[in-house]
Amino acid sequence: MITLVIHGGAGNITPAMMTKEMEAEYDAGLKAALDAGYDILKGGGTSTDAVVAAIVELENNPIFNAGRGSVFTKKGLHEMDAMIMNGKDLSAGAVSGVRNIKNPIKLAREVMLHSGHVFLSGSGAGEFALSRGIEQAKDDYFFNKQRYEQWVKIRDSDFTQLDHEGDNLKGGTAPNTDYKFGTVGAVAFDTEGNLAAGTSTGGMTNKRFGRIGDSPVVGSGTYANNNTCAISCTGHGEFFLRAVVAHDVSCLMEYKGLSLHEACNIVVKDKLVKMGGEGGLIGVDKYGNHEFCMNSAGMYRGMRNSEGREEIAYYGQ
Ligand code: ASP
């Protein structure tokens, strides 16, 4: 059994806000990511490589809030977070607040494999990227008209905004905004039975003070452990951080013997809801079973496995 599961962000995704053209764009973007990752698994490649390949595809697509399509910070910059984790040996690599890196997930993998550390931030992560020959991109590569307009509407306020929240700003009432969706993630189960998880994001529009979300934090937005599952989250990071979501799912499986489905439901649809944390996650367990779970209206998501199952969906369950 091999399985690949991906997401392109959770939030207020409803049929009313999607057009046929948007659906076609997201279909194509998610399918390209599934193709890229699944080809690696099919060829006997590792779950880690499959996760990176799928995420690179999503990072290169400006419709998602990661890599090229990352949202703007308060200062009008793009500061990205990413993380990868290998369930075989619990090795992990993460970066936060990185700028001008074309594919932050590749830098995260480089941190995991070659830095001797787990988590690098800001300028130090940038220095490490240069030393490892990681591909850079100029500011204009990350410019995106829609994201720019989204930011312009709130840049003079103290609001921050998840790019999939629309009018629901943090800290007050929002102006009307067009918005897109999009932190990205992937989890995979390979022919050797190894699990891996990765997540990449531009974070929240108008974020400042070096704000870091859950995505690059081990056990919060991303976690993989061959004994249990691989998880990648998307949603309001402040809640996912405090709820240690990805590791909590793994713990419920490891210590309570729950299935992936049961564990995800408890964490996302009960614990997070009680805290007020909106979002969702994707997961795969040590048998290759997959899970999509959300408490938001929708989540861009897709999966493919060696039993011939394939799915791409957006709206809530
Ligand atoms: N969880 C991400 C963050 O808070 C955002 C998202 O998933 O859209 O940075």
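A brief structural summary. All values derive from a computational prediction rather than experimental measurement. (Residues numbered from 1 in each chain as written. Predicted model: local features only at pLDDT ≥ 70, side-chain atom pairs only at ≥ 80, totals over all residues. Heavy atoms only, no water.)

### What to know about the site of the ligand
Counted only if it meets this: For this purpose, a residue is taken to be near a molecule or strand whenever a single non-hydrogen atom of the residue falls within 4 Å of it. A 3.5 Å cut-off defines polar contacts: any pair of N or O atoms within that distance qualifies, except that in protein one atom must be a possible hydrogen donor and the other a possible acceptor, and neighbouring residues in sequence count only when both atoms are side-chain atoms. To measure how exposed things are, a 1.4 Å probe is used in the Shrake-Rupley method; for residues, cover is taken only from the protein chains shown. Residue polarity is assigned by list, with Asp, Glu, Lys and Arg as charged and Ala, Val, Leu, Ile, Met, Phe, Trp, Tyr, Cys and Pro as nonpolar; anything else, Gly included, falls into the polar class.
Around the ligand sit 11 residues, and of these Thr183, Arg211, Asp214, Thr234 and Gly235 come closest. Between the ligand and aspartate 214 there is a distance of 2.6 Å, counted from a nitrogen atom to a side-chain nitrogen or oxygen. In the model, an oxygen atom of the ligand is placed 2.8 Å from a nitrogen or oxygen of the threonine 234 side chain. Calculation on the ligand without its partners gives an accessible area of 270 Å², and the protein chains cover 100% of this total. Across the shell around the ligand, the residue classes break down as 1 nonpolar, 8 polar and 2 charged.

### Considerations on the packing of aromatic side chains
Stated precisely, the cut-off is as follows: Ring pairs are drawn from Phe, Tyr and Trp, using the six-membered ring of Trp, whenever the two centres fall within 6.5 Å, and their geometry is named by plane angle: stacked under 30 degrees, edge-to-face over 60, tilted for the rest. Elements are defined by DSSP. Helices are runs of H or I of four residues or more, strands are runs of E of two residues or more, and each kind is numbered from the N terminus. When a residue's accessible area, from a 1.4 Å probe over protein chains only, is under 20% of the maximum for its type it is buried; when over 50% it is exposed; and in between it is partly exposed. Only when the NZ of Lys or the CZ of Arg is both within 6 Å of the ring centre and within 35 degrees of the ring normal is a charge said to sit over the ring.
Across all of its chains, the model carries 6 aromatic pairs by this definition. Ring geometry for tyrosine 26 against tyrosine 300: centres 4.0 Å apart, planes inclined by 5 degrees, an arrangement best described as stacked. Of the two residues, tyrosine 26 is situated in helix α1 (residues 20-42) and tyrosine 300 in strand β13 (residues 298-305); the sequence distance between them amounts to 274 residues. The class of tyrosine 26 is buried, set by a relative accessible area of 2%. A network of ring pairs unites the aromatic residues Tyr26, Phe64, Tyr300, Tyr314 and Tyr315 as a single cluster. The cationic tip of arginine 301 hangs over the ring face of phenylalanine 292; the distance from NZ or CZ to the ring centre is 5.5 Å.

### Overview of the side chain of histidine 78
For histidine 78, the location among the structural elements is in the loop between α2 (47-59) and β2 (80-86). A distance of 3.1 Å separates a polar side-chain atom of histidine 78 from the backbone oxygen of valine 71. A polar side-chain atom of histidine 78 sits 3.4 Å from the main-chain carbonyl oxygen of phenylalanine 142.

### Quick notes on the pattern of salt bridges
Applied cut-off: Only one rule defines a salt bridge in this text: a Lys or Arg side-chain nitrogen within 4 Å of an Asp or Glu carboxyl oxygen.
Evaluation of the coordinates by the stated rule reveals 10 salt bridges. With its nearest N and O atoms 2.7 Å apart, the salt bridge here joins glutamate 310 to arginine 304. Among the residues examined, glutamate 310 registers a relative accessible area of 41% and is labelled partly exposed. Salt bridges here are not isolated pairs; linked through shared partners, they connect Lys31, Asp35, Arg304 and Glu310.

### A word on unusual backbone geometry
The phi dihedral of asparagine 206 falls on the positive side, at around 70 degrees, and the residue is not glycine. Classification of asparagine 206 by relative accessible area gives buried; the value is 1%. Backbone geometry places valine 244, a non-glycine residue, at a positive phi of 45 degrees. Position of valine 244 among the secondary structure elements: in the loop between α6 (237-243) and α7 (245-256).

### What to know about the nonpolar core
Our working rule: To define a nonpolar core, start from buried Ala, Val, Leu, Ile, Met, Phe, Trp, Tyr and Cys residues and group those joined through side-chain atoms within 4.5 Å. Residue contacts are counted whenever heavy atoms from the two residues lie within 4.5 Å of one another.
Counting residues in hydrophobic clusters, the biggest one holds 47 residues, and the most contacted among them are Leu4, Ile6, Leu107 and Tyr300. The greatest single-element share of this core, amounting to 7 residues, is contributed by α2. Excluding residues within four positions of it along the chain, isoleucine 6 makes contact with Leu30, Ala33, Leu34, Ala54, Gly185, Ala186, Ile282, Phe292, Tyr300, Arg301 and Gly302.

### Side note on the packing of helix α3 (residues 104-114) against helix α4 (residues 122-131)
Just so we agree on the cut-off: Only the stretch in contact is used when fitting a helix axis, every axis being a line fitted to C-alpha atoms; angles between N-to-C directions are given from 0 to 180 degrees. Working rule for angles: under 35 degrees goes down as roughly parallel, over 145 as roughly antiparallel, 65 to 115 as roughly perpendicular, anything else as oblique.
At a minimum axis distance of 11 Å, the contact between α3 and α4 shows a crossing angle of 80 degrees. Classified by the angle between their axes, α3 and α4 sit roughly perpendicular to one another. Taken together, the residues of α4 that come into contact with α3 (itself represented by Leu107, Glu110, Val111 and His114) are Ala125, Phe128 and Ala129. Here the contact of α3 with α4 is built from residues that sort into 5 nonpolar, 1 polar and 1 charged.

### Quick word on the pairing of strand β11 (residues 279-285)
This is how it is decided: For two strands to count as paired, DSSP must find a minimum of two bridges between them.
Among the 7 residues in β11, 7 count as buried, and that is most of the element. The side-chain alternation of β11 yields two buried faces, one formed by Gly279, Leu281, Gly283 and Asp285 and the other by Gly280, Ile282 and Val284. Relative to strand β12 (residues 290-294), β11 runs antiparallel, the two being bridged by 5 bridges. From the neighbouring strand, valine 284 faces β12, where its bridge partner is histidine 290. Counting the residues between successive antiparallel strands, the hairpin from β11 to β12 contains 4 residues, one of them, glycine 288, with a positive phi of roughly 95 degrees.

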